[in-house]
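# A look at the structure
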Amino acid sequence: MLKVRVIPTMLWKDLGLVKGVSFQSWRRVGTVLPAIKVYNSRDVDELFLLDITANQHTYDLDYDSISDFSNYCFVPFSVGGGIKNLEQIKKLLRVGADKVSLNTAIYETPDLIDLAAKKFGSQCIVASIDVKSVNNDYVCLSHSGSRNTDRNLVSLVKELEDRGAGEILITSIDRDGTMEGYDINLINKITSNINIPVIASGGAGNFFHMKEAIIEGGASAVAAASIFHFTEQTPEQAKIFLHQEGVPVRLTFKE
Amino acid sequence: MKVLIIDYGMGNLGSVKTAVKVLGFKADIVNAPQLIKGADKIILPGVGSFSDAMSELKNNNWFDPLSEHVFNEQKPILGICLGMQLLATTGQEGGQTEGLDFIPGQVSHLTKLGCEKPIPHVGWNDTHVKNKSILFKGIGSGNDFFYVHSYGFLPSNPSAISSIVNYDGEIVASIEKDNVFGTQFHPEKSSKAGLKLLKNFLDL
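Below is a short write-up of the structure. This is a predicted model, so every value here is computed, not measured.

### Some thoughts on the overall build of chain A
Each helix and strand counted, chain A has ten helices and twelve strands in total. What you see for chain A is a C-alpha radius of gyration of 17 Å, in line with the 18 Å of a compact globule of 255 residues. When the backbone C-alpha atoms are referred to their principal axes, chain A occupies close to 45 × 40 × 40 Å. The proportion of buried residues among the 255 residues of chain A is 58%. A separation of at least 24 residues holds for 67% of the contacts in chain A among residues at least 6 apart in sequence. Working note: accessible area of chain A is about 10,600 Å², and carbon and sulfur atoms make up 47% of it.

See below:
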């Protein structure tokens with residue numbers, strides 16, 4: 001049986017890792033390679049590395065660094081930030097990314113999803129959607145949450161599924177960094193409209209929040225950052241809790 | 001010990017190489033068949049389609065040196081994911097194609113094997129040891145390994161199956177026959193269980 005995943009998210013800005021609240025007030029929380037080594041030694045299910053300033057860069061993605069990181073990642077490694085074309089996806093997969101995560105491109109060049117899914121397979125294409133709640137409605141934002149788009153959330157995710165996205169990473173900007181719990185309505189709105197796996201993100205403060213996102217929200221994976229950066233709680237403890245609550249998770253290696 | 005990772009142009013090999021290094025061995029990535037002479041162990045990775053991979057192996061004359069290593073020198077080889085499927089007699093991906101035929105069997109699309117769940121089969125899935133296994137020494141049955149594949153290997157002789165995984169019915173997860181080994185999952189992406197399995201191969 002396939003397992004529900006617990007995924008630490010690493011936000012990459014300039015030379016280090018950061019974590020903010022609602023995509024602002026960034027705090028430095030370390031550097032990338034040591035974090036990857038620690039998460040690997042703790043037997044995590046998967047890692048996400050999102051370069052949150054890549055969109056502002058005039059130069060291309062940092063393939064050399066990603067190659068170094070992926071060499072020390074013995075679990076699936078997903079990379080996002082600033083991806084605009086097929087050539088970049090090809091290079092990222094070649095330097096060791098197992099999946100790429102697209103955000104701004106899903107609004108600006110949606111055909112990239114079709115092309116990439118066809119060429120490299122849906123399993124390596126993650127569509128990442130950042131959402132803010134405005135007047136009881138959900139607004140989708142591009143450019144690391146800095147620009148509103150006029151896309152309707154439900155029609156957007158259905159379109160992404162049709163185009164060949166393999167997974168949806170849904171982040172609530174309102175909940176991001178607050179540790180007050182995932183936006184279950186938001187997750188539900190997506191999982192009830194598509195069949196591909198949904199990764200819940202934004203708001204995890206304890207393991208019960210993760211259970212809610214999985215059981216009530218229907219998420220196939222839970223991503224989290226603050227809980228792992230700023231509290232004593234670890235991905236492994238999360239999975240022990242989820243296992244006890246009846247969620248199918250990958251438990252740590254048994255001889 | 002000389003561990004070689006075969007680079008025939010299909011997929012990334014960096015994490016396989018570092019995994020071997022982290023386990024205390026040294027591995028070299030080789031991209032020309034004449035370089036595999038004197039290898040103690042060969043790892044055959046692979047991502048992509050069966051027919052593309054076989055044309056690469058054939059056009060670049062990998063076949064003879066690989067069978068020399070396996071049959072004349074009787075030295076171990078480990079195929080990973082597509083690399084395991086290439087060990088079969090024939091594959092169906094990209095049209096019926098002859099494989100290396102190191103372990104007799106067929107590679108077919110998972111729907112042909114009766115799978116009605118979404119394909120590819122992607123993710124962590126619990127893997128169960130079936131027959132006596134060298135690869136799984138010290139690895140309990142039921143540990144999760146990481147899979148990404150749309151095709152499955154069915155060996156002609158079931159005794160070559162060392163572990164299976166349940167998705168929609170049983171899929172062969174690993175094969176072992178004398179000095180020939182293969183895993184459908186990616187040990188280099190399967191965390192501690194995967195590294196332990198790689199170590200078992202390297203310790204041979």
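Now that the structure is up, let's keep going.
### Some words on the nonpolar core
Residues and elements named next belong to chain A. Membership of the largest hydrophobic core comes to 76 residues, with the highest contact counts inside it found for Phe 77, Ile 129, Leu 153, Ile 168, Ile 170, Tyr 182 and Met 210. Looking at this core, the element that brings in the most residues is helix 5 (residues 111–120), giving five residues. Setting aside chain neighbours within four positions, we find Leu 153 in contact with Ile 129, Val 131, Tyr 138, Cys 140, Ile 170, Leu 186, Lys 189 and Ile 190.

### Observations concerning the packing of aromatic side chains
Evaluated as defined, the whole model comprises ten aromatic pairs over all chains. Geometrically, the ring pair formed by Trp 12 of chain A and Phe 69 of chain A is edge-to-face, given 5.3 Å between the ring centres and 75° between the ring planes. Here Trp 12 of chain A, found in strand 1 (residues 5–13), pairs with Phe 69 of chain A, found in helix 2 (residues 63–71); they are 57 residues apart in sequence, far enough to count as distant. Accessibility classification places Trp 12 of chain A together with Phe 69 of chain A in one group, the buried group. Taken together, a centroid distance of 6.3 Å and an interplanar angle of 80° make the contact between Phe 136 of chain B and Phe 185 of chain B edge-to-face. Of this pair, Phe 136 of chain B sits in the loop between strand 8 (121–129) and strand 9 (144–149) while Phe 185 of chain B is found in the loop between strand 13 (180–183) and helix 5 (191–202), placing the two residues 49 residues apart along the sequence. In this structure Phe 136 of chain B comes out as buried when scored by relative accessible area, which is 5%. The exposure class of Phe 185 of chain B is buried, given its relative accessible area of 0%. The rings of Phe 136, Phe 145, Tyr 147 and Phe 185 of chain B are connected pair by pair, giving a single aromatic cluster. Between Lys 37 of chain A and the ring centre of Tyr 72 of chain A, over which it is positioned, the NZ or CZ distance is 4.5 Å.

### Some points on unusual backbone geometry
Residue Pro 120 of chain B is bonded to the preceding Ile 119 of chain B through a cis peptide linkage, with omega at 5°. Among the structural elements, Pro 120 of chain B can be located in the loop between strand 7 (105–109) and strand 8. Despite not being glycine, Ser 22 of chain A shows a phi value in the positive range, around 50°. Here Ser 22 of chain A is to be found in the loop between strand 2 (16–21) and strand 3 (24–30).

### Quick word on the sheet that holds strand 11 (residues 161–166) of chain B
All names here are of chain B. A sheet is described by the order of its strands in space; here nine strands give the open sequence 2-1-3-4-13-12-11-8-9, paired in mixed fashion. Two strands in the sheet have a free side with no partner beyond their single neighbour: strand 2 (27–30) and strand 9. Averaged over all neighbouring strand pairs, the angle between strand axes comes to 30°, with direction disregarded. Relative to strand 13, strand 12 (residues 170–177) is paired through four bridges, and the arrangement is antiparallel. Within strand 13, the residue paired with Ile 175 across the bridge is Gly 182.

### Quick word on the pattern of salt bridges
Residue and element names in this part refer to chain A. One pass over the structure, following the stated rule, counts 21 salt bridges over all chains. Measuring nitrogen to oxygen at the nearest pair gives 2.7 Å for the salt bridge that ties Lys 239 to Asp 45. Here Asp 45 lies in the loop between helix 1 (32–41) and strand 4 (47–51) and Lys 239 lies in helix 10 (residues 235–244), a separation of 194 residues in the sequence. Through salt bridges with shared partners, a single network forms among Asp 111, Asp 114, Arg 151, Glu 159 and Arg 163.

### Structural notes on the packing of helix 6 (residues 153–163) of chain A against helix 7 (residues 184–191) of chain A
Each pair of packed helices gets described by two things: the angle between the helix axes and the distance between those axes. Residues and elements named next belong to chain A. Look at helix 6 against helix 7: their axes get within 9 Å of each other, and the N-to-C directions meet at 45°. The angle between helix 6 and helix 7 falls in the class oblique. When you trace helix 6 past helix 7, the crossing you get is right-handed. Contacts between helix 6 and helix 7 involve Leu 153, Val 154 and Val 157 from the former and Leu 186, Lys 189 and Ile 190 from the latter. In the contact of helix 6 with helix 7, the residues fall into five nonpolar, no polar and one charged.

### Comments concerning the side chain of Glu 188 of chain B
Mapped onto the elements, Glu 188 of chain B comes out in the loop between strand 13 and helix 5. No salt bridge is formed by the buried Glu 188 of chain B, whose closest oppositely charged neighbour, Lys 189 of chain B, lies at an N-O distance of 6.9 Å. Here His 186 of chain B takes part through its side chain, which lies 2.9 Å from a polar atom of the side chain of Glu 188 of chain B. Among all residues touching Glu 188 of chain B, those that are not within four sequence positions of it are Cys 73, Phe 74 and Val 75 of chain A together with Ser 15, Val 16 and Ile 80 of chain B.

### A short note on the sheet that holds strand 5 (residues 90–91) of chain B
Residues and elements named next belong to chain B. A sheet is described by the order of its strands in space; here four strands give the open sequence 6-5-7-10, paired in mixed fashion. This sheet does not close on itself; its edge strands, each paired only once, are strand 6 (97–98) and strand 10 (151–155). Here strand 5 runs beside strand 6; their pairing, made up of two bridges, is antiparallel. Its bridge partner lying in strand 6, Thr 90 is registered against Glu 98.

### Section: helix 2 (residues 50–59) of chain B
Residue and element names in this part refer to chain B. The complete set of buried residues in helix 2 reads Phe 50, Ser 51, Ala 53, Met 54 and Leu 57. End-on, the buried residues of helix 2 take up no more than an arc of 160°, which puts them together on one face. Contacts from the buried residues of helix 2 go to helix 3 (63–72), helix 4 (82–85), strand 5, strand 6 and strand 7. Just downstream of helix 2 lies Asn 61, where phi reads positive at about 60°.

Rules used throughout
- Residues numbered from 1 in each chain as written.
- Chains lettered and ligands numbered in written order.
- Predicted model: local features only at pLDDT ≥ 70, side-chain atom pairs only at ≥ 80, totals over all residues.
- Heavy atoms only, no water.
- Helix = DSSP H or I, 4+ residues; strand = E, 2+ residues; numbered from the N terminus.
- Rg over C-alpha atoms; globule rule 2.2 N^0.38 Å.
- Buried < 20%, exposed > 50% of the residue type's maximum accessible area, 1.4 Å probe, protein only.
- Contact = heavy atoms within 4.5 Å.
- Areas by Shrake-Rupley, 256 points an atom, 1.4 Å probe, with all protein chains shown as cover.
- Core = buried A, V, L, I, M, F, W, Y, C linked by side-chain atoms within 4.5 Å.
- Phe/Tyr/Trp six-rings, centres within 6.5 Å; stacked < 30°, edge-to-face > 60°.
- Lys NZ or Arg CZ within 6 Å of the ring centre and 35° of its normal.
- Pairing = 2+ DSSP bridges.
- Axes fitted to C-alpha atoms, helices over the stretch in contact; angles between N-to-C directions.
- Salt bridge = Lys/Arg side-chain N within 4 Å of Asp/Glu carboxyl O.
- Parallel < 35°, antiparallel > 145°, perpendicular 65-115°, else oblique.
- Left-handed = near helix turned anticlockwise from the far one by under 90°.
- Nonpolar A, V, L, I, M, F, W, Y, C, P; charged D, E, K, R; others polar.
- Lys, Arg positive; Asp, Glu negative; His and termini not counted.
- Polar contact = N/O pair within 3.5 Å; in protein donor to acceptor, adjacent residues only side chain to side chain.
- Arc of directions from axis to C-beta.

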